[in-house]
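Residue-level structure breakdown
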Amino acid sequence: MTKRPPWRGSAARAALAALLTAAALTGAALTAPAPAGAAIPAGPAAPGGGHGRTQAAMDAAVKAGVPGVIALARGPRGTWHGTAGVADLHTKRPRLPGEHFRAGSIVKPFVSTVLLQLEAEHRLTLGDTVEKWLPGLVSGHGNDGRRITLRQLLNHTSGLHDYTEDPEVLRNLTTTAFLQHRYDSWTPEQIVRTATAHAPDFPPGTRYSYSPTGYVLAALVMEKATGRSYEEEVERRIIAPLGLRSTRLPRHERTLPAPAGRSYSRFSDDPDRGMQDVTDLDPSLIRGTGDLITSPADLDRFLTALLRGRLLPPAQQRELKTTVPDGEEPGVKYGLGLFHFTLCGTELWGHTGFFIGTQSVAYVSADTRRSLVYNFNTDALGDTSAAGDVIKAEFCPAVK
């Protein structure tokens, strides 16, 4: 984990993945304290059919400072929808189970699925180099697109620098500078140039390090291979066939479609450290790597269909689930757009999503019989156990 505050950028996603895994790896994690304000009461384990502890963990997150939470849990006894807190700090309207929210990096399995479909159609191979599809784009400061494959983009072994860690980008996401730059428009090429202004973090293929830069490039490759925009291709291949009516890729749309609440953050240079409304923004900065707008039900439907093999032929399904170690936390692995780990005996596949004003988690069990999707309408508690406590409450038995 990087030493900078773990509530921003890719470090937050890695930290959250480690947190979610902790309960499966150490007995101490099962007794980790709940967020300040309330403890999760002991109760029946979620496998028994109840979601009381999950609701209690959501309530505890609200008491700790999250404005509002929405969740969906599915199991053998049906689907449960939970809410806690408010969607809007001004109006105090409660959150609604079907609300739209920005899901951040949970867009990554959408992107990887389309590239795997294109491979199945013999329109590209994951062994192709970035240079083949995007000549000259990845170069300079030791970066070389001739040495990076599409597979390495998707499993975060490319070595490309995470552009969200560029000092200017980071400042505009973590300080009050966001208020002046929230509507800045970025092209994918600008994003890649920002990343390649930095030397690569390591030679391609030598280790894993989460870098959203790879998915910005993957979306561009998708466009070159199909002749259609990334947004159109994901819509026609995944969103429309699965009937994901609440899911969209917003291009430059600044607002969330109704129904939706507001999103909140705190800025490091704000002396009051108060919650700021950061809902409206130009999402072009996170195109292909964090721009998804969706709902809990749609994420459950997508991940379940993906893991049941409805979207990919068997060969590509095997590639999807071929993992590399996280390298920082034992037991955490990454496939092509999916995290994989075992939590309290349940094998899980899915992704986390973290961006200014939002923190989301979406996981489905390997047998697809159980799932959990939830969203916090703030990123301000990303350096606490609040999000991890919700998934532990759902999948782990109560500590006696």
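Described in the following lines is the structure provided in the data block. Because the structure is predicted, anything quoted here is derived from the model rather than measured.

Some details on the packing of aromatic side chains
According to the stated counting rule, one finds eight aromatic pairs in the structure shown. Seen in terms of ring centroids, phenylalanine 110 and phenylalanine 302 are 3.8 Å apart; in terms of plane orientation they differ by 20°. Their pairing is stacked. Placement of phenylalanine 110 in helix α4 (residues 108-120) and of phenylalanine 302 in helix α12 (residues 296-307) is noted, with a sequence separation of 192 residues between them. Exposure remark for phenylalanine 110: the relative accessible area of 1% places this residue in the buried category. Here a set of aromatic residues connected by ring pairs shows up, and it is made of Tyr208, Tyr210, Tyr334 and Phe339. The lysine or arginine in question, lysine 108, covers the ring of tyrosine 215, its NZ or CZ lying 5.5 Å from the ring centre.

Observations concerning the pattern of salt bridges
This model, assessed by the stated rule, comprises 19 salt bridges. Its salt-bridge partner being glutamate 231, residue arginine 251 comes within 4.0 Å of it at the nearest N-O pair. With arginine 251 in the loop between α11 (230-239) and β6 (264-265) and glutamate 231 in helix α11, this pair connects stretches of sequence that are 20 residues apart. Arginine 251 sits in the partly exposed class, given a relative accessible area of 43%. Its salt-bridge partner being aspartate 389, residue lysine 392 comes within 3.5 Å of it at the nearest N-O pair. Here lysine 392 and its partner aspartate 389 are both found in helix α14 (residues 386-395), three residues apart, which amounts to about one turn of the helix. Classification of aspartate 389 as buried rests on a relative accessible area of 3%.

A look at the packing of helix α10 (residues 213-226) against α11
Closest axis-to-axis distance for the α10/α11 pair is 9 Å, and the angle between their directions is 80°. The pairing of α10 with α11 is recorded here as roughly perpendicular in orientation. Residue-level contacts link Ala219, Met222, Glu223 and Thr226 of α10 to Tyr230, Glu231, Glu233 and Val234 of α11. Here the residues of the contact of α10 with α11 sort into four nonpolar, one polar and three charged.

Details of unusual backbone geometry
Following alanine 258, the chain continues into proline 259 via a peptide bond in cis, with omega recorded as -5°. Positionally, proline 259 belongs in the loop between α11 and β6. For histidine 122, which is not a glycine, the phi torsion comes out positive at approximately 60°. Here histidine 122 lies in the loop between α4 and α5 (130-133). By relative accessible area, which is 75% here, histidine 122 ends up exposed.

Focus on the sheet that holds strand β9 (residues 324-325)
One open sheet holds the eight strands; their spatial order is β2-β1-β14-β13-β12-β11-β10-β9, and the pairing between them is antiparallel. The open sheet has two edge strands, β2 (78-85) and β9, and neither has a second partner. Pairing geometry for strand β11 (residues 339-343) and strand β12 (residues 346-355), over five bridges, is antiparallel. Within β12, the position partnered with histidine 340 by the bridge is tryptophan 349. Helix-sheet contacts for α12 involve β1 (68-75), β12, β13 (358-365) and β14 (371-376), and the interaxial angle to β13 is about 40°.

Brief notes about the packing of α4 against α11
Between α4 and α11, the least distance of the axes is 10 Å, while the angle of their chain directions is 80°. On the basis of the axis angle, α4 is roughly perpendicular to α11. Counting all contacts with α4, which are made through Phe110, Val111, Thr113, Val114, Gln117 and Leu118, the residues of α11 involved are Tyr230, Glu233, Val234, Arg237 and Ile238. Its residues assigned to classes, the contact of α4 with α11 comprises seven nonpolar, two polar and two charged.

Section: the environment of aspartate 144
If you trace the backbone, aspartate 144 turns up in strand β5 (residues 143-144). Distance in space between the C-alpha atoms of aspartate 144 and threonine 129 is 9.8 Å, their sequence separation being 15 residues. For aspartate 144, the side chain forms a polar contact with the main-chain nitrogen of arginine 146, separated by 2.9 Å.

Digging into the state of the cysteines
The full count for this structure, using the stated rule, is one disulfide. The residue that forms a disulfide with cysteine 344 is cysteine 396, at a sulfur-sulfur distance of 2.0 Å. Its S-S torsion of about 90° marks the bond between cysteine 344 and cysteine 396 as right-handed, since a negative value means left-handed. With cysteine 344 in the loop between β11 and β12 and cysteine 396 in the segment after α14, this residue pair connects regions lying 52 residues apart in the sequence.

Regarding α4
Given a rise of 1.5 Å per residue, 13 residues ought to cover 18 Å, and the 19 Å separating the end C-alpha atoms of α4 matches this to within 8%. Among the 13 residues that make up α4, twelve are buried, leaving the element largely enclosed by the rest of the structure. What α4 keeps buried is the set Lys108, Pro109, Phe110, Val111, Ser112, Thr113, Val114, Leu115, Leu116, Gln117, Leu118 and Glu119. Note on α4: the residue one or two positions beyond its end, histidine 122, has a positive phi of about 60°.

What counts, and at which threshold
Here the residue numbers are simple positions, counted from 1 along each chain's written sequence. At least 70 in pLDDT is required for a residue's local features to be given in this predicted model, at least 80 for side-chain atom pairs to be given and counted, and no such filter applies to totals for whole chains, interfaces and linings, which use all residues. With hydrogens and water stripped out, all remaining heavy atoms of the structure feed into the side-chain values. Planes of paired rings set the category: under 30 degrees apart is stacked, over 60 is edge-to-face and the rest tilted, where pairs are Phe, Tyr or Trp rings (Trp by its six-membered ring) whose centres lie within 6.5 Å. Strands here are runs of E lasting at least two residues and helices are runs of H or I lasting at least four, both read from the DSSP assignment and numbered beginning at the N terminus. Only protein chains enter the accessibility calculation, which uses a 1.4 Å probe; a residue is then buried when its area is under 20% of its type maximum, exposed when over 50%, and partly exposed in between. We count a charge as sitting over a ring when the NZ of a lysine or the CZ of an arginine lies within 6 Å of the ring centre and within 35 degrees of the ring normal. A pair is scored as a salt bridge if a Lys or Arg side-chain nitrogen falls within 4 Å of a carboxyl oxygen belonging to Asp or Glu. Interaxial angle, 0 to 180 degrees, is taken between N-to-C directions of lines fitted to C-alpha atoms, where a helix line uses only the stretch in contact. Orientation labels follow simple angle bins: below 35 degrees gives roughly parallel, above 145 gives roughly antiparallel, 65 to 115 gives roughly perpendicular, and whatever is left gives oblique. Should any heavy atoms of two residues lie within 4.5 Å, those residues are considered in contact. Side-chain classes follow a simple rule in which Ala, Val, Leu, Ile, Met, Phe, Trp, Tyr, Cys and Pro form the nonpolar group, Asp, Glu, Lys and Arg form the charged group, and the remainder, Gly included, forms the polar group. Strands pair, by our definition, only if DSSP identifies at least two bridges between them. Whenever a nitrogen or oxygen atom comes within 3.5 Å of another N or O atom, the pair is scored as a polar contact, on the condition that within protein one atom can donate a hydrogen and the other can accept it, and that pairs from neighbouring residues in sequence are kept only if both atoms are in side chains. Any two cysteine sulfur atoms within 2.5 Å of one another count as a disulfide. How far a helix is expected to stretch is found by multiplying one less than its residue total by 1.5 Å.

The quantities given are spatial measurements derived from coordinates; they are silent on function.
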